[in-house]
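Structural characterization, general
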Amino acid sequence: MLNISKSRIRVMPKQLSALPVGKEVRIFIQAAEADGIRSAEKVGFSLPLTTGDSVLPQIVGCATKRNAEGYDIIHKDQPKENRVFNLATRRSLFCGRGRREIVEDYHSFRRPCYPKTIVSPLGLELTYIETEKNNSYYTSAIFKIGENDVEIIDMINVFLDLYGTCLVEADEEFDQIPIRRVNWELLPQGAVTANSTLEPLISSIQKSSHRVVAQRQLSKLYSYSPKALAVGLGGFSSYVAFVYEKQGFVVLESVEPNNATYIFAMDWEGVSQLSKGEIIRSGLHLDRIVHDSNWLSNIEKLLSSRRAA
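Below is a summary of the structure that appears in this document. Note that the coordinates shown come from a computational prediction; the quantities given were computed from them, not determined experimentally.

On to the environment of tyrosine 239, then. Position of tyrosine 239 relative to the elements: it lies in strand β15 (residues 239-244). Spatially, the C-alpha atoms of tyrosine 239 and leucine 201 are 9.1 Å apart, while their sequence positions differ by 38 residues. The residues contacting tyrosine 239, other than those within four sequence positions of it, are Trp184, Ala230, Val231, Gly232, Leu252, Glu253, Ser254, Asn259 and Lys276.

Below is the structure:
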């Protein structure tokens, strides 16, 4: 068993590289030790914990951010190209007879930038496990040496980001653990009417112009009367899910600027059990609407047609 205690690793530890190709390993930490460093709730779990609960960890540093959001490779050796950015502004409009009202403008602009390659997040998850001997721990999925080396390095760094330490165990064959993803909190009906739940999420956005965009997009999606609403936990904390039960689809909206809206033609139970990798890369979504100046018209066209159907 290998004990790693440092801020991060860049390459596969020698003890792991020496293992035969195909050897199964997993990364874990005892729950009692982990909870003393960072509580389960701050990692993204909901209490009480149940064996098999699995979450995309909360962003606390570079490794967890890359794991949840991916990263960009900037190509400064190439000529700059125009890139589209979105911006929302507010202005005071004169309405006559001394009256003024605040209006919002939503528009896009172009800026020369170096080309970039967007690397999608791996979306590696932590799972809580209780054994028959009343031992409990947080563990990764099972990885194979030589086949999942990138995932092993990234998963170790996620543990180091969260706890500063972890254990790596190799075995001939690990028991398969049934998991239940708990990346979302389903809200009581009517909880959003007063914005009491979404307000903290919107107010956490640093730039006021980005807050305006997020508020506008969430309000538009809510205007189509979703049956239920869920907010993301842990690494999904920037997402809100709108469940349109009668229309038979779910919309995942990110409050992060210059992101995208995902539409799934499936029930909420199915969407809630998707990993972030499955949401972004699997092609399971019905549609993907980019956050740009056409977002509003595209959403109206899609949701109106689905509502009519």
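After that view of the structure, there is still more to cover.
So, on to the packing of aromatic side chains. Per the stated rule, a full pass over the model turns up nine aromatic pairs. With a centroid separation of 5.0 Å and 25° between ring planes, the pair formed by tyrosine 244 and phenylalanine 249 is classed as stacked. On the accessibility criterion, tyrosine 244 (1% relative accessible area) is buried. Judged by its relative accessible area of 1%, phenylalanine 249 is buried. By the ring-pair criterion, three or more aromatic residues cluster together here, those being Phe45, Tyr128, Tyr138, Phe159 and Tyr163. Its guanidinium or amino end placed over the ring of tyrosine 71, arginine 66 lies 3.9 Å from that ring's centre, counting from NZ or CZ.

Taking strand neighbours across the sheet as the criterion, the six strands line up as β13-β14-β15-β16-β17-β18 in an open arrangement whose pairing is antiparallel. The open sheet is flanked by β13 (184-186) and β18 (287-290), the only strands paired with a single partner. The mean inter-strand angle of the sheet, taken between neighbouring strand axes irrespective of direction, is 20°. Across six bridges, the pairing between β15 and strand β16 (residues 249-254) is antiparallel. By the bridge assignment, alanine 241 is partnered in β16 with leucine 252.

Calculation rules
Residues numbered from 1 in each chain as written. Predicted model: local features only at pLDDT ≥ 70, side-chain atom pairs only at ≥ 80, totals over all residues. Heavy atoms only, no water. Helix = DSSP H or I, 4+ residues; strand = E, 2+ residues; numbered from the N terminus. Contact = heavy atoms within 4.5 Å. Phe/Tyr/Trp six-rings, centres within 6.5 Å; stacked < 30°, edge-to-face > 60°. Buried < 20%, exposed > 50% of the residue type's maximum accessible area, 1.4 Å probe, protein only. Lys NZ or Arg CZ within 6 Å of the ring centre and 35° of its normal. Pairing = 2+ DSSP bridges. Axes fitted to C-alpha atoms, helices over the stretch in contact; angles between N-to-C directions.

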